[in-house]
Amino acid sequence: MLPAVPASHFWFMVAYALLVSIVFATLLKDQRREQIRTGAMMFGAFIAAAVVFGWLMYPFPL
Amino acid sequence: MATKSTTAERPRASAEPWRLVLVSVAAWLVPGAGHLLQGRRDKGLVFLVTLTFMFAFGLWLQGRLFPLEGSDPLVFLGAIADRGLGLPYLFAYFADAGAGTVVAASYEYGNTFLMTSGLLNFLVILDAFDIAQGRK
């Protein structure tokens, strides 16, 4: 039996950012050190952009 | 005046067509298989684990595997993206998974995970193809 699906939008976004960053970093770079660096930067950029845009959209009643 | 061509200037000889087809089909069926077949073990394993997990995660989040319907272009494009992972898609299709629960809070996230895993695998297939051609 699968566990119940959590309802945290933030953690869904974190999981998405992590997985996409891993794949892109592996695709784009060949050296392990570069892959880790690129992946970490991409992951950080994903999260930072999501938080910033989240706050920018906060005043809009959608 | 004829110039001397160097290895850097001249593209390397392409692989045999059957090999390109084999690598591409294998990479579509099993994420990372194209890299594994060509000795890129680490990359292949990362793609295999990450993309398969992403697809399974999308199903768990109650996403939908869209049907190939020409009447709705967005659904059609989503369906193409869903089919980016060959065997995982076929397993899910024959197991009747991916019906999608529209009222679930995670439905759109599930769709996003499913489609993105397929689209990323298309990029992985192209990378494997480039490696087989000797471009990388």
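Here the structure is shown first, and the text comes after it.
Residues numbered from 1 in each chain as written. Chains lettered and ligands numbered in written order. Predicted model: local features only at pLDDT ≥ 70, side-chain atom pairs only at ≥ 80, totals over all residues. Heavy atoms only, no water.

Engineer: Requested: an account of the side chain of Q35(A), with residues and values cited.
Structural biologist: Its location among the elements puts Q35(A) in helix α2 (residues 32–57). Among the polar contacts listed, one links the side chain of Q35(A) to the backbone oxygen of K29(A), at a separation of 2.8 Å. Beyond its immediate sequence surroundings of up to four residues, Q35(A) is in contact with A25(A), T26(A), K29(A), D30(A) and K43(B). (Helix = DSSP H or I, 4+ residues; strand = E, 2+ residues; numbered from the N terminus. Polar contact = N/O pair within 3.5 Å; in protein donor to acceptor, adjacent residues only side chain to side chain. Contact = heavy atoms within 4.5 Å.)

Engineer: Explain helix α1 (residues 17–29) of chain B to me, using residue names and the numbers behind them.
Structural biologist: Two residues of an α-helix separated by three or four positions point the same way, owing to the 3.6 residues in each turn. Residues and elements named next belong to chain B. When the terminal C-alpha atoms of α1 are compared, their 18 Å separation across 13 residues agrees well with the 18 Å that a helix rising 1.5 Å per residue should span. Within α1 the residues assigned to the buried category are L20, V23, S24, A26 and A27. Taken around the axis of α1, the buried residues stretch over an arc of 165 degrees, which confines them to a single face. Counted as exposed and oriented over 90 degrees from the buried face of α1: P17, W18 and V21. Buried residues belonging to α1 abut α2 (33–37) and α6 (107–133). (Expected span 1.5 Å × (residues − 1). Buried < 20%, exposed > 50% of the residue type's maximum accessible area, 1.4 Å probe, protein only. Arc of directions from axis to C-beta.)

Engineer: Residue-level account of the pattern of salt bridges, with values.
Structural biologist: All chains considered together, the criterion is met by four salt bridges over all chains. With a shortest N-O distance of 2.8 Å, K43(B) and D30(A) are connected by a salt bridge. Taken together, the residues span two chains, with K43(B) in helix α3 (residues 41–60) and D30(A) in the loop between α1 (9–28) and α2. Note that D42(B) and R41(B) form a salt bridge whose closest N and O atoms lie 3.9 Å from each other. With a relative accessible area of 42%, D42(B) lands in the partly exposed category. By relative accessible area, R41(B) is classed as exposed at 56%. (Salt bridge = Lys/Arg side-chain N within 4 Å of Asp/Glu carboxyl O.)

Engineer: Can you tell me about the packing of aromatic side chains, naming the residues and giving the values?
Structural biologist: Under the counting rule described, the total for this entry stands at nine aromatic pairs over all chains. Consider the rings of F12(A) and Y109(B), whose centres lie 4.8 Å apart with planes at 45 degrees: the pair is tilted. In this pair, F12(A) is assigned in helix α1 and Y109(B) in helix α6, connecting two distinct chains. For Y109(B), a relative accessible area of 23% puts it in the partly exposed group. Note on F57(B) and W60(B): the rings are 5.6 Å apart at their centroids and 45 degrees apart in plane angle, and the pair reads as tilted. (Phe/Tyr/Trp six-rings, centres within 6.5 Å; stacked < 30°, edge-to-face > 60°.)

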